[in-house]
Amino acid sequence: MRHPEVPVMRHHDLSAARDLAEDLAVSAGALIRERRPKQVEVLETKSSKVDPVTEMDQFIENYLVTRIRAERPLDGILGEEGDDIPGTSGLTWVIDPIDGTVNYLYGVASCAVSVALVAGPPDPLSWQPLAAAVHAVDFGRTWTAATGQGATADGAPIRQNPPAPLSRSLVATGFGYAARRREGQARVLLELLPHIRDIRRLGSAAIDLCLQAEGAVDLYYERGLSPWDFAAGALIASEAGSTVCGLRGARPTTTMVVAGRGEALTELLRILEAADADDPAW
Ligand code: LIP
């Protein structure tokens with residue numbers, strides 16, 4: 001159902017938005033590489049003592065906001081580090097300056113800049129993703145997508161192989177910052193692990209979703225993401241041909257994001273639902 005105030009974007013405009021998202025993500029990634037200090041310090045913590053913010057998170061968000069406001073002054077902006085700027089165009093840029101901040105803090109090579117453009121309110125329950133770009137900072141890879149125009153990896157269209165059965169599927173996931181949430185996620189993992197090839201916990205939802213899009217992992221699921229963690233990666237995965245959803249027929253939201261294809265996805269959803277992986281008690 002199209003949101004009443006949502007503008008309809010033409011093919012050309014979607015391509016231009018995708019190009020801008022890519023330029024923003026790649027140029028921000030270059031700044032992170034160029035300006036990374038010898039010793040990264042925690043500036044403050046957010047949802048828990050292990051949910052850090054660094055100066056680079058804030059610097060990159062400021063960079064992205066400044067550029068978007070200059071180039072797309074009528075659009076809104078929602079950023080992880082606190083920017084929540086309404087627009088008048090009906091479009092909102094949803095940005096994660098560093099997805100995988102803990103990896104950035106420790107020097108683990110798996111963090112990304114994630115930039116998405118959505119139509120309608122920037123709420124995963126109702127937004128309409130339009131364009132996306134994810135740039136992996138350390139290995140310099142870039143994924144993009146625009147609605148109805150497919151997805152690319154390093155500029156080439158993503159072509160997916162036939163899906164593997166669940167027992168031979170490599171599954172990526174992540175865990176929250178609160179102990180009680182992690183306890184519940186560990187119980188779900190116990191139910192799942194005997195049924196799959198193996199698990200990967202790479203620490204960046206944006207990268208996880210792009211790797212699922214290109215078949216570098218077969219399936220991905222995660223509970224409790226923030227909108228900016230998955231806004232871009234979910235569009236890239238769906239435009240590559242994956243199904244991106246929640247549990248019990250829901251849309252992908254902060255409650256649960258699942259990405260995959262074929263019988264393996266059906267089986268994964270069955271196991272997650274049976275394990276109450278969306279239990280509101282944790
Ligand atoms: C991260 C996600 C990751 C999740 C982490 C964290 P951040 O985002 O990308 O998938 O498992 O707990 O939420 O906080 O680094 O932007």
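Treat the numbers as computed from the prediction; the structure is a model and nothing was measured. (Residues numbered from 1 in each chain as written. Predicted model: local features only at pLDDT ≥ 70, side-chain atom pairs only at ≥ 80, totals over all residues. Heavy atoms only, no water.)

Help me out: how do you make sense of the site of the ligand in this one?
The immediate surroundings of the ligand are formed by 16 residues, with D99, G100, R201, A205 and E222 found nearest. Here R201 contributes a side-chain N or O atom positioned 2.8 Å from an oxygen atom of the ligand. Here the ligand has 370 Å² of accessible area as a free molecule, and 94% of this is covered by the chains. In terms of residues, the shell around the ligand owes the most to one element, strand β5 (residues 91-99), which gives three residues. Residue classes in the shell around the ligand are distributed as five nonpolar, five polar and six charged. (Near = heavy atom within 4 Å. Polar contact = N/O pair within 3.5 Å; in protein donor to acceptor, adjacent residues only side chain to side chain. Areas by Shrake-Rupley, 256 points an atom, 1.4 Å probe, with all protein chains shown as cover. Helix = DSSP H or I, 4+ residues; strand = E, 2+ residues; numbered from the N terminus. Nonpolar A, V, L, I, M, F, W, Y, C, P; charged D, E, K, R; others polar.)

Sorry, what's going on with unusual backbone geometry here?
As a rule of thumb, non-glycine residues mostly have phi less than zero, and peptide bonds are mostly trans rather than cis. Backbone geometry places R248, a non-glycine residue, at a positive phi of 55°. Examined against the element boundaries, R248 turns out to sit in the loop between β14 (243-245) and β15 (257-260). In this structure R248 comes out as partly exposed when scored by relative accessible area, which is 47%. Phi at D276 is positive, roughly 50°, even though this residue is not glycine. Relative to the helices and strands, D276 is located in the segment after α7 (262-274). Taking the relative accessible area as the measure of exposure, D276 reaches 40% and is therefore partly exposed. (Buried < 20%, exposed > 50% of the residue type's maximum accessible area, 1.4 Å probe, protein only.)

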